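# Understanding the architecture of this molecule
Listed below, chain by chain, are the residues.
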Amino acid sequence: MRLWHQKLIARLPRQQLLGQHRECCALRGKGWQRPHQTVNYVFNYSPYKLFQYHYLVMAEMIKRGYHPDMKWFDPCYRGQYMTAYPILAQVNITAPIYPEHNTQYYHACLDNLKRKNIII
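Calculation rules
Residues numbered from 1 in each chain as written. Predicted model: local features only at pLDDT ≥ 70, side-chain atom pairs only at ≥ 80, totals over all residues. Heavy atoms only, no water. Helix = DSSP H or I, 4+ residues; strand = E, 2+ residues; numbered from the N terminus. Rg over C-alpha atoms; globule rule 2.2 N^0.38 Å. Buried < 20%, exposed > 50% of the residue type's maximum accessible area, 1.4 Å probe, protein only. Contact = heavy atoms within 4.5 Å. Areas by Shrake-Rupley, 256 points an atom, 1.4 Å probe, with all protein chains shown as cover. Lys, Arg positive; Asp, Glu negative; His and termini not counted. Charge placed at Lys NZ, Arg CZ, Asp CG, Glu CD. Axes fitted to C-alpha atoms, helices over the stretch in contact; angles between N-to-C directions. Parallel < 35°, antiparallel > 145°, perpendicular 65-115°, else oblique. Left-handed = near helix turned anticlockwise from the far one by under 90°. Nonpolar A, V, L, I, M, F, W, Y, C, P; charged D, E, K, R; others polar. Expected span 1.5 Å × (residues − 1). Salt bridge = Lys/Arg side-chain N within 4 Å of Asp/Glu carboxyl O. Core = buried A, V, L, I, M, F, W, Y, C linked by side-chain atoms within 4.5 Å. Phe/Tyr/Trp six-rings, centres within 6.5 Å; stacked < 30°, edge-to-face > 60°. Lys NZ or Arg CZ within 6 Å of the ring centre and 35° of its normal.

What follows concerns the overall build of the chain. Across its full length, the chain carries three helices and zero strands. Element order for the chain, N to C, with α for helix and β for strand: α-α-α. In terms of overall dimensions, the chain is globule-like: its C-alpha atoms have a radius of gyration of 14 Å, near the 14 Å expected for 120 residues. Taking the principal axes of its C-alpha atoms as reference, the chain extends roughly 40 × 30 × 25 Å. Across the 120 residues of the chain, 45% fall into the buried class. Within the chain, counting contacts between residues at least 6 apart in sequence, those at least 24 apart form 72% of the total. In the structure as shown, the chain presents an accessible area of about 7,200 Å², 53% of it carried by carbon and sulfur atoms. Computed over 16 positive and 6 negative side-chain charges, the separation of the two mean positions in the chain equals 3 Å.

With that settled, the discussion passes to the packing of helix H1 (residues 14-28) against helix H2 (residues 47-63). Packing of H1 against H2 brings their axes to within 10 Å, and their N-to-C directions diverge by 150°. Taken together, the axis directions place H1 and H2 in an arrangement best described as roughly antiparallel. Here the hand of the crossing between H1 and H2 comes out left-handed. Note on element contacts: H2 touches H1 through Leu50, Phe51, Tyr53, His54, Val57, Met58, Glu60 and Met61, opposite Leu17, Leu18, Gln20, His21, Cys24, Cys25, Leu27 and Arg28. Its residues placed into classes, the contact of H1 with H2 shows 11 nonpolar, three polar and two charged.

Okay, unusual backbone geometry next. With glycine set apart, most residues show a phi of negative sign, and most peptide bonds adopt trans. Geometrically, the link from alanine 95 to proline 96 is a cis peptide bond, its omega value of 0° lying close to zero. Structurally, proline 96 is set in the loop between H2 and helix H3 (103-115). Even without being glycine, glutamine 33 reaches a positive phi, approximately 70°. Locating glutamine 33 in the fold gives a position in the loop between H1 and H2. Judged by its relative accessible area of 46%, glutamine 33 falls in the partly exposed class.

Moving on to H1. Its 15 residues place the ends of H1 21 Å apart at the C-alpha level, agreeing with the 21 Å of an ideal helix rising 1.5 Å per residue. On its buried face, H1 is in contact with H2 and H3.

This part takes up the pattern of salt bridges. By the definition in use, this model includes one salt bridge. Linking glutamate 60 and arginine 64 is a salt bridge whose minimum nitrogen-to-oxygen distance equals 2.8 Å. The exposure class of glutamate 60 is buried, given its relative accessible area of 9%. Here arginine 64 falls in the partly exposed class, since its relative accessible area comes to 29%.

This part is about the nonpolar core. Grouped together as the largest cluster of nonpolar side chains are 31 residues, with contacts concentrated most on Leu3, Leu8, Val42, Tyr53, Val57 and Tyr98. Those residues within four positions of leucine 3 in sequence are excluded, and the remaining contacts are Gln20, Cys24, Leu27, Val39, Tyr41, Val42, Leu50, Tyr53, Tyr98, His101, Tyr105 and Cys109.

Glancing now at the packing of aromatic side chains. The geometry of an aromatic ring pair is captured by two quantities: the separation of the ring centres and the angle between the planes. For the coordinates displayed, the defined rule picks out eight aromatic pairs. The structure contains a cluster of three or more aromatic residues connected by ring pairs, namely Tyr41, Tyr45, Tyr98 and Tyr105. Between arginine 2 and the ring centre of tryptophan 4, over which it is positioned, the NZ or CZ distance is 5.6 Å.

What follows is the structure, given as structure tokens:
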């Protein structure tokens, strides 16, 4: 599991973009608070921040002609197997959404993609 640096979302190849959507759905649903080394930092913040990140992914999907389930555009939605949050306080968006997505993380993501023979 990995959340790509948000500056890369618009440049991700199809497979990575759609994979990112699946990862966000999993994290927002049953995966919330389930430890995973590369994404544990998201649990230090409100789930609303994950929604904000996921929104960027879904917006890019729509731009490319894909059709994510519109239910995911509700910040309280947690998938078909989890009860929605009764209320989720809105959090102001920051740039980057996650402070861990700094320049070093950006380059680590580029290196990771390069190892997959994806040059961005």
